[in-house]
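Per-entry structural report
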Amino acid sequence: MTFRLSDLFDLTGRTALVTGGNSGIGLAMARALGLAGSRLILVARRADALEHAARDLAGAGIEAEAIAADLADPGCGARIGAACIERQRKVDILVNAAGMNLRQPFQEVGVEGFDLHMAVHLRAPFLLTQALAPGMAERGFGRILNIASLQSYRAFADSAPYGAAKGGVVQLTRAIAEAWSRHGVTCNAIAPGFFPTPLTAPVFADPQRAQRNAAQTAIGRNGELDDLIGATVFLASKASAYVTGQTLAVDGGFSAK
């Protein structure tokens, strides 16, 4: 059989579970994986938004189903894992893209708000990895993608718990890589710059602020969701077999200046 370079990036026959796959960066990454051939399982809290996203993806010829789950619930990993088993879905790719940012001044952040950021950004990816990585290891292939942030490395105003959680994502990515990579299950993170999503709507609602962010990049513009396609497919495919424990900034060079 003739080897084709495209085979390294082909996800035909794979199943990808994407949290936060109903909108924003999660939906963009899910679409990228689907266009590369993967079957999708979208996970988020709102069933109606999930079904809308699944229908939208179906219009592009992408097979997608939904599991409604609260990722702030300590039992989310076990429940989602059980739902996959019940549906006879063997997950090969896990994308932990669900996120939130309450955007409160430091002194106004309460215990519940702080804990919510940690639960969604850190605990849920940890629990889902515990639930799904063993099956990936048994089959000898797995890809886990986390979402870091510019705030993994620098501080922004009114985002202390978000930044703390995203800093933790970088280290969680390394910890997962250390535990599972020898079994064929790699883990890497993408650190996006500023992309127009529901989460960043307050930023893009201020044209001057959005322009300042664009000017901070080396490329000279803010991100577009299609800019995530290549990095997503690369890190989810055979092409990245010897890449693990890394955080790839997809930020137009924002962090390089």
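Anyway, here's the lowdown on the structure attached to this text.

Quick notes on the rules
Residues numbered from 1 in each chain as written. Predicted model: local features only at pLDDT ≥ 70, side-chain atom pairs only at ≥ 80, totals over all residues. Heavy atoms only, no water. Helix = DSSP H or I, 4+ residues; strand = E, 2+ residues; numbered from the N terminus. Rg over C-alpha atoms; globule rule 2.2 N^0.38 Å. Buried < 20%, exposed > 50% of the residue type's maximum accessible area, 1.4 Å probe, protein only. Contact = heavy atoms within 4.5 Å. Patch = residues over 30% accessible without salt bridge, like charges linked within 9 Å, V, L, I, M, F, W, Y side chains within 5 Å. Areas by Shrake-Rupley, 256 points an atom, 1.4 Å probe, with all protein chains shown as cover. Salt bridge = Lys/Arg side-chain N within 4 Å of Asp/Glu carboxyl O. Expected span 1.5 Å × (residues − 1). Bend = angle between axes of the 7 residues up to and from the residue. 1 Å grid on protein atoms, 1.4 Å probe; cavity = no way out; pocket = protein on both sides within 12 Å on 5 of 7 lines; lining within 4 Å. Points joined across faces, edges and corners; volume = space filled by probe spheres on them. Nonpolar A, V, L, I, M, F, W, Y, C, P; charged D, E, K, R; others polar. Axes fitted to C-alpha atoms, helices over the stretch in contact; angles between N-to-C directions. Parallel < 35°, antiparallel > 145°, perpendicular 65-115°, else oblique. Left-handed = near helix turned anticlockwise from the far one by under 90°.

**Describing the overall build of the protein chain**
A count of helical and extended segments in the protein chain gives 8 helices and 7 strands. By the compact-globule yardstick of 18 Å for 257 residues, the protein chain fits well, its C-alpha radius of gyration being 18 Å. By its C-alpha atoms, the protein chain is 55 × 40 × 40 Å across when sized along the principal axes. Counting across all 257 residues of the protein chain, residues that qualify as buried make up 49%. Summarising the internal contacts of the protein chain: among those between residues at least 6 apart in sequence, 74% fall at separations of at least 24.

**Notes on a nonpolar patch on the surface**
Judged by side-chain polarity, F3, L5 and F9 come together as a nonpolar surface patch covering roughly 330 Å² of accessible area. A residue is classified by how much of its surface remains accessible, and L5, at 60% relative accessible area, is exposed.

**Digging into helix α4 (residues 111–139)**
Every α-helix carries 3.6 residues per turn, so stepping three or four residues along brings you back to the same face. Its 29 residues give α4 an end-to-end C-alpha distance of 41 Å, which sits within 8% of 42 Å, the value for a rise of 1.5 Å per residue. Of all the bends in α4, the largest measures some 40 degrees and sits at A119.

**Here's the deal with empty space enclosed by the protein**
Applying the stated criterion across every chain, the model contains 1 cavity of 30 Å³ or more. A volume near 90 Å³ is recorded for the largest cavity. Looking at the largest cavity, it is lined by 14 residues, and the ones nearest its centre are N96, A98, V120, H121 and P125. In terms of residue count, α4 provides more of the lining of the largest cavity than any other element does, 5 residues in total. The class makeup of the residues in the lining of the largest cavity is 9 nonpolar, 4 polar and 1 charged.

**Digging into the packing of helix α3 (residues 76–86) against α4**
In the contact formed by α3 and α4, the axes pass within 8 Å of each other and the chain directions differ by 40 degrees. Of the possible angle classes, the one that applies to α3 and α4 is oblique. By crossing handedness, the relation of α3 to α4 is classed as right-handed. Each of C76, G77, I80 and G81 in α3 lies in contact with α4, whose residues at this interface are A124, L127, L128, A131 and L132.

**Focus on unusual backbone geometry**
A positive phi angle is found at R103, which is not glycine, with a value near 50 degrees. Structurally, the position occupied by R103 is in the loop between β4 (93–96) and α4. With a relative accessible area of 26%, R103 lands in the partly exposed category. One non-glycine residue with positive phi stands out, namely D158, at about 60 degrees.

**Description of the pattern of salt bridges**
Taken as a whole and assessed by the stated rule, the structure comprises 9 salt bridges. Residues E63 and R39 are paired through a salt bridge, measuring 3.3 Å at the closest nitrogen-oxygen approach. Placement of the pair is E63 in the loop between α2 (47–58) and β3 (64–68) and R39 in strand β2 (residues 39–44), with a sequence separation of 24 residues. By relative accessible area, which is 46% here, E63 ends up partly exposed. Classification of R39 as partly exposed rests on a relative accessible area of 28%. The structure contains a network of salt bridges with shared partners spanning E65, R87 and R89.

**Some thoughts on the layout of surface pockets**
If you add up the space inside the largest pocket, you get close to 960 Å³. The wall of the largest pocket is formed by 42 residues, among which A97, A98, G99, M100 and L199 lie closest to the centre. When contributions to the lining of the largest pocket are tallied by element, the ones reaching two or more residues are α1 (24–35), β2, α4 and α5 (160–180). When residues in the lining of the largest pocket are grouped by element, the largest group, 3 residues, is from α1. Here the lining of the largest pocket is composed, by residue class, of 23 nonpolar, 13 polar and 6 charged. Estimates place the volume of the second largest pocket at around 190 Å³. For the second largest pocket, the full set of lining residues is G81, C84, I85, Q88, R89, K90, V91, A131, L132, G135 and R139. Among the secondary structure elements, those contributing two or more residues to the lining of the second largest pocket are α3 and α4. The residue inventory of the lining of the second largest pocket, partitioned by class, reads 5 nonpolar, 3 polar and 3 charged.

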